[in-house]
Amino acid sequence: MATALLTLIGKPGCHLCDDARELVDSVITKLADNPAAPAIVLEERSILEDAELNALYVEDIPVLLINGKVHNYWRIDPLRLRTALLAVR
């Protein structure tokens, strides 16, 4: 089975980051029973705790990576995320 590693990059107190987390959690929950979906692992990283991430993404948070590649930033589209996750092989 394929695995999709989602990395949500943000910081505490960021309302867009909170919105992105809720949306990502919702998409993951809806895909939980879908046999076509990969195993999904979600990790969160803060730009306040990682100087490299801060330098890369300070103006773009929240940023969502799928298997290390930027999927989206600022606002996450649930349909686009679902489609991308179902395409992970």
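Calculation rules
- Residues numbered from 1 in each chain as written.
- Predicted model: local features only at pLDDT ≥ 70, side-chain atom pairs only at ≥ 80, totals over all residues.
- Heavy atoms only, no water.
- Helix = DSSP H or I, 4+ residues; strand = E, 2+ residues; numbered from the N terminus.
- Buried < 20%, exposed > 50% of the residue type's maximum accessible area, 1.4 Å probe, protein only.
- Core = buried A, V, L, I, M, F, W, Y, C linked by side-chain atoms within 4.5 Å.
- Contact = heavy atoms within 4.5 Å.
- Axes fitted to C-alpha atoms, helices over the stretch in contact; angles between N-to-C directions.
- Parallel < 35°, antiparallel > 145°, perpendicular 65-115°, else oblique.
- Left-handed = near helix turned anticlockwise from the far one by under 90°.
- Nonpolar A, V, L, I, M, F, W, Y, C, P; charged D, E, K, R; others polar.
- Patch = residues over 30% accessible without salt bridge, like charges linked within 9 Å, V, L, I, M, F, W, Y side chains within 5 Å.
- Areas by Shrake-Rupley, 256 points an atom, 1.4 Å probe, with all protein chains shown as cover.
- Salt bridge = Lys/Arg side-chain N within 4 Å of Asp/Glu carboxyl O.
- Disulfide = S-S within 2.5 Å.

Caption draft 1: Fine view of the environment of L85. Along the polypeptide, L85 turns up in helix α3 (residues 78-86). On the basis of relative accessible area, L85 is assigned to the buried category, the value being 0%. Sequence spacing of L85 and Y57 is 28 residues, and the spatial spacing of their C-alpha atoms is 22 Å.

Caption draft 2: Geometry of the nonpolar core. L6, L31, L64, I66, L81 and L85 are the most contacted members of the largest nonpolar core, which has 15 residues in total. Within the residue set of this core, elements represented by two or more residues are β1 (3-10), α1 (15-31), β3 (63-66) and α3. If you tally residues by element for this core, the top one is α1, at four residues. Aside from chain neighbours lying at most four places away, what touches L81 is L23, V24, V27, L64, I66, H71 and I76.

Caption draft 3: Fine view of the packing of α1 against α3. It is the contact of α1 with α3, at a shortest axis distance of 10 Å, that shows an interaxial angle of 50°. It follows that α1 is oblique to α3 by the angle criterion. Pair α1 / α3 crosses with right-handed handedness. Across the interface between the two elements, L23, V24, V27 and L31 of α1 pack against P78, L81, R82, L85 and L86 of α3. A per-class count over the contact of α1 with α3 returns eight nonpolar, no polar and one charged.

Caption draft 4: Local environment of a nonpolar patch on the surface. On the surface, V70, Y73 and W74 cluster together into a nonpolar patch covering about 300 Å² of accessible area. In this fold, V70 is placed in strand β4 (residues 69-73). Owing to a relative accessible area of 45%, V70 belongs among the partly exposed residues under this scheme.

Caption draft 5: Seen up close, unusual backbone geometry. A cis amide bond, omega -5°, links I61 with the succeeding residue P62. Mapping P62 onto the fold places it in the loop between α2 (51-57) and β3. With a phi angle near 65°, W74 is a residue other than glycine that sits in the positive phi range. The topology assignment puts W74 in the loop between β4 and α3.

Caption draft 6: Broad picture of the state of the cysteines. By the definition in use, this model includes one disulfide. Between the sulfur of C14 and that of C17 lies a disulfide, 2.5 Å long from S to S. Here the disulfide of C14 and C17 is right-handed, its torsion about the S-S bond being about 75°. The same class applies to C14 and to C17, which are both buried.

Scope: geometric values only; no functional claims are made or implied.
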